[in-house]
Amino acid sequence: MKKKQFKTESKKLLDMMINSIYTHKEIFLRELISNASDALDKLYFRSLTDTSVALSRSDYKINISTDKSARTLTISDNGCGMSQEELENNLGTIAKSGSFEFKRDFEGGEDIDVIGQFGVGFYSAFMVADKITVKTRVFGEANAHLWESEGADGYTVSECEKESFGTDIILYIKEDTDEEKYSEFLDEHRLFALVKKYSDYIRYPIKMATTKSRKKEDSEEYESYTEIETLNSMVPLWKRSQSEVTPEEYRAFYTEKFYDYEAPAKVITQKSEGTATFTALMFIPQHAPYNYYTKDFEKGLELYSSGVMIMERCSELLPDYFSFVKGLVDSADLSLNISREMLQHDRQLKIIAKAIEKKIKSELEKMMSDEREKYEKLFGSFGIQLKYGLYTDFGAHKDTLKDLLLFKTSKDEKYASLKEYCDRVAEGQSAIYYASGESVQKIKLLPQLDAIKSRGYEVLYLTDDVDEFALKMLGKYGELEFKSITAESLDIASDEEKKATDEVNKASGDILEFIKEAIGTVSAVKFTSSLTKHPVCLSTEGELSVEMEKVLKKMPGENPDMPKASVVLEINLNHPIREKLVNLYATDRKTLESYSKILYAEACLVSGINVENPTEFCELISDLMIK
Ligand code: ADP
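Attention here is on the structure that accompanies the text.

What counts and what doesn't
- Residues numbered from 1 in each chain as written.
- Predicted model: local features only at pLDDT ≥ 70, side-chain atom pairs only at ≥ 80, totals over all residues.
- Heavy atoms only, no water.
- Helix = DSSP H or I, 4+ residues; strand = E, 2+ residues; numbered from the N terminus.
- Rg over C-alpha atoms; globule rule 2.2 N^0.38 Å.
- Buried < 20%, exposed > 50% of the residue type's maximum accessible area, 1.4 Å probe, protein only.
- Areas by Shrake-Rupley, 256 points an atom, 1.4 Å probe, with all protein chains shown as cover.
- Lys, Arg positive; Asp, Glu negative; His and termini not counted.
- Charge placed at Lys NZ, Arg CZ, Asp CG, Glu CD.
- 1 Å grid on protein atoms, 1.4 Å probe; cavity = no way out; pocket = protein on both sides within 12 Å on 5 of 7 lines; lining within 4 Å.
- Points joined across faces, edges and corners; volume = space filled by probe spheres on them.
- Nonpolar A, V, L, I, M, F, W, Y, C, P; charged D, E, K, R; others polar.
- Phe/Tyr/Trp six-rings, centres within 6.5 Å; stacked < 30°, edge-to-face > 60°.

## Comments concerning the overall build of the protein chain
Regarding its fold elements, the protein chain presents 20 helices and 22 strands. The C-alpha radius of gyration of the protein chain comes to 33 Å, more than 25% above the 25 Å expected for a compact globule of 627 residues. C-alpha extents for the protein chain along the principal axes are approximately 120 × 60 × 45 Å. Burial status across the protein chain gives 51% buried among its 627 residues. When the accessible surface of the protein chain is summed, it comes to about 31300 Å², and 48% of that surface belongs to carbon and sulfur atoms. Mean positive and mean negative side-chain charge positions of the protein chain (84 and 110 charges, respectively) differ by 1 Å.

Spelled out as structure tokens, the structure:
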């Protein structure tokens, strides 16, 4: 029979897996049991709508058996089984998604729990077995199939006999070595302990024939006998009271179920009785999953009806801005065979979703005040999502989200919430000031910053694309409006300063107009008193800032009606350049034209904007140098 090759990338991964430095080889059992449980779930789901599946709930089971002399460990289930095609697709390709990340982390030598993270669960069995045989038959089909592999050099698939539907996974356990005693995986006690440790909450009975001993009748001697025993307690974790569950149990439950290698940042439990009766167990991850910010990511909580899963990912339970939350909801109010369409309109579900949202919000707020460091780390991962949430739906969620936001500020470059900012505003300060740019480093170079800081005002540093849009949506916080420090209308000068500047501007109308014409692309040029050292800066008139324009430009697709920021060149009234410009206007307009362009390019550069025509700019500078 021709051996089929694993897909190239899969092969590499498999090699790495087999020779893994990974220490917890034992987790392979958990992986196989979880797969079996999933297969039972699938058949069970089918039974809800397909009357040909005439099994009662108690018929579903997982069986573990060993044969010490043949060195085999078999995990069987009477679940959905796999067709030949499914065998090839599911077991012929490893790590369908995210394998690059997997490889990168792995080659970086970091000791992380990569197994399970990218769906390489089944293959973890190659850590303990040198050959694996899968015998499987789909429910309702006559033919069974046999998949066999000895590891990275490929696999074969053929037809075989199998008495009933379901899947047997037969592991040929490796011989012991000096370092590894693989035989432990043939030992009943060890297997029992492993099931307890990792798979106790699996909802189907995991059975194993265990050897027991008893006293012989009328004798002092002992005899051994076998008994089929159910190893797991099957009580779902979320049905136990929180005080009974250890943090380790929550951690194990979370990492296993949601394929994370790190413990959750927060475990949230919620029990509610009244308008809606439900139990929720939720987790906030420490980091974003690798596909979180891609369109592949699907949000949602698992949905159970009295301990039985009815939907794997119920997206109606989570608003987009909390889509990073993982977990499940169990409610007796929901019927087992409710369809997806019906769910969307289910009143009960809406009430549950509202309650959950409120709970998540309050837990996040609590975290922000009580576990600040943890919250800041979390915000680093999911802050963007919260800010998008604030911006979308025309700001409908701004009240839910505004107090969860953090921004680095000019005070100490540490995070502050809007409330913290407002609680410490300087006297006489009438707005919340912000500055946007690619990075804090770049923002700190903005010429306008000095003047604001010198007045003792704190500035929020906006470094994410969405930031300024979100603040615009918010409009104000408490009584204070948000103001960009690069807005043309920024009004921090004293009345006297303003009056003096206005007069200069009025008197210099002609020369300012000349400079504007020379540049060509600005909507105005004016003198300002709010710069300290720098000769020039850019500001914008109206709602759209230069930073926002940049963000809009980055969006995919051509948009001929793309709005443009109205840019104003501001020239420092107190800088010697002013006198120079005035002189040139009187004596040498040609040179003034060049100077205007150079000053504009300078202003662009300090604002972090590309100079439109760098060649011209360089020529102008060189001309100046050789003059
Ligand atoms: P994952 O479980 O993360 O998807 P695995 O490599 O463990 O990744 O399994 C790959 C796929 O093989 C599963 O998604 C499932 O479709 C199929 N599979 C594995 N074990 C079984 C089983 N016992 N019964 C039916 N299908 C199975």
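## Here we look at unusual backbone geometry
With the exception of glycine, the majority of residues adopt a negative phi angle, and the majority of peptide bonds are in the trans configuration. In the Ramachandran plot, Met234 falls in the positive-phi region, its phi being about 70° despite a non-glycine side chain. Structurally, Met234 is set in the loop between β8 (222-230) and α6 (247-257). With relative accessibility at 28%, the residue Met234 sits in the partly exposed group. Positive phi, close to 50°, is recorded for Tyr259, a residue that is not glycine.

## Considering the layout of surface pockets
Within this model, the second largest pocket holds a volume of roughly 610 Å³. For the lining of the second largest pocket, the secondary-structure elements that each account for two or more residues are α17 (546-554), β22 (566-572), α19 (589-606) and α20 (614-626). When grouped by side-chain class, the residues that make up the lining of the second largest pocket number 12 nonpolar, 5 polar and 7 charged.

## Side note on the packing of aromatic side chains
Applying the stated criterion across every chain yields a total of 25 aromatic pairs. Centre to centre, the rings of Tyr44 and Tyr60 are 5.8 Å apart; their planes meet at 80°, and the pair counts as edge-to-face. Residue Tyr44 is found in helix α2 (residues 27-49), and its partner Tyr60 is found in the loop between α2 and β1 (62-67); the two are separated by 16 residues along the sequence. Side by side, Tyr44 and Tyr60 carry an identical accessibility label, which is buried. Judged by centre distance (5.5 Å) and plane angle (75°), the ring pair of Phe122 and Trp147 falls under edge-to-face.

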